[in-house]
Amino acid sequence: MSAVERCVENGLEVVLGRAGHHYEIIGNGLFLMATYGGASERVLVRAVLSLLETPRSVLIGGLGVGYSTQEALRWPTVEKVIVVEISASVARWNRTYFSRKNGNCLISRRVELVIGDFGYYIRECPYLYDAIVCDTDNGSDWLCTKGNAWLYGREGFYAMKSALAPGGAVSIWSICHSPGFLQRLQDVFPDVRALEVDDNWLYLARSPAKGARLEVDS
């Protein structure tokens, strides 16, 4: 990969690299995501939405290369997708370098992009969402930004639960399996499931309001 752009925002150095037709995003020296692959990001969205009968609103923490947002827009009942991304540069790259990869998802009228910290947004969340997709950083055990550790603790999970509509569900992406992470999630949500996709891990949890068990068709 050769560097195309490099910038520092909110203490995070983000580098856009390119090799042939593909791009990678590196944050503080650690790999974050790339335009190749993307299966786990898409399953992350499909799995959580499949838990809900008629999901209409989706909150996504982390824009990345736009695959999660693109997948949410493919769901027929979804009317609104709020995407919170801390890096304005990553948002700009989505509109330029990544637009052919992600179907130019940010131009959809159903998408609202918020430039800001997902941890702060979820604490002060002004709405309730049917589904929350957390694809921020690399999960709890391989963080490129230490401040994101809060998201993957009990307080972060309680904040996500409080931002869910009755019967809503949350999905969380992690680069690796973490028993401690799973236990913390189970302390907050009574019904949790973990899925392995392409050597990455996805954690699914549902608000107990409607009492449905997790049966995921990914």
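Here, every reference points to the structure presented above.
Residues numbered from 1 in each chain as written. Predicted model: local features only at pLDDT ≥ 70, side-chain atom pairs only at ≥ 80, totals over all residues. Heavy atoms only, no water.

Novice: Looking at this structure, how should I read the packing of helix α5 (residues 154-162) against helix α6 (residues 179-188)?
Specialist: Any two packed helices are characterised by the angle at which their axes cross and by the distance between the axes. α6 packs onto α5 with a crossing angle of 45° between their chain directions and a minimal axis gap of 9 Å. When the axes of α5 and α6 are compared, the pair comes out oblique. Along this stretch, α5 crosses α6, giving a crossing that reads as right-handed. Mapping the contact onto sequence places Arg 154, Phe 157, Tyr 158 and Lys 161 in α5 and Phe 181, Arg 184, Leu 185, Asp 187 and Val 188 in α6. The residue makeup of the contact of α5 with α6, split by class, is five nonpolar, no polar and four charged. (Axes fitted to C-alpha atoms, helices over the stretch in contact; angles between N-to-C directions. Helix = DSSP H or I, 4+ residues; strand = E, 2+ residues; numbered from the N terminus. Parallel < 35°, antiparallel > 145°, perpendicular 65-115°, else oblique. Left-handed = near helix turned anticlockwise from the far one by under 90°. Contact = heavy atoms within 4.5 Å. Nonpolar A, V, L, I, M, F, W, Y, C, P; charged D, E, K, R; others polar.)

Novice: I'm lost on the environment of Gly 66 in this one. Help?
Specialist: The residue Gly 66 is located in the loop between β5 (57-61) and α2 (67-73) in this model. C-alpha separation for the pair Gly 66 and Met 160, spaced 94 residues apart in sequence, amounts to 21 Å. Not counting residues within four places of it along the chain, the set of residues in contact with Gly 66 comprises Asn 94, Asn 102 and Cys 105.

Novice: So what exactly am I meant to see when it comes to the side chain of Asn 200 here?
Specialist: Note that Asn 200 resides in strand β11 (residues 200-206). A polar side-chain atom of Asn 200 sits 3.4 Å from a polar atom in the side chain of Ser 40. (Polar contact = N/O pair within 3.5 Å; in protein donor to acceptor, adjacent residues only side chain to side chain.)

Novice: Honestly, the sheet that holds strand β7 (residues 111-115) in this entry has me stumped. Any pointers?
Specialist: Strand pairing within a sheet occurs via backbone hydrogen bonds; the two strands may be parallel or antiparallel. If you trace the seven strands from one edge of the open sheet to the other, you get β7-β6-β5-β8-β9-β11-β10, paired in mixed fashion. Taken across any chain shown, the strands that pair with only one partner, and hence form the sheet edges, are β7 and β10 (192-197). This sheet shows a mean twist of 15° between the axes of neighbouring strands, independent of strand direction. Against the sheet, helix α1 (residues 39-49) touches β5, β8 (129-134), β9 (164-174), β10 and β11, its axis set at about 160° to β9. Against the sheet, α6 makes contact with β9, β10 and β11, and its axis sits at roughly 10° relative to β11, the strand it touches most. (Pairing = 2+ DSSP bridges.)

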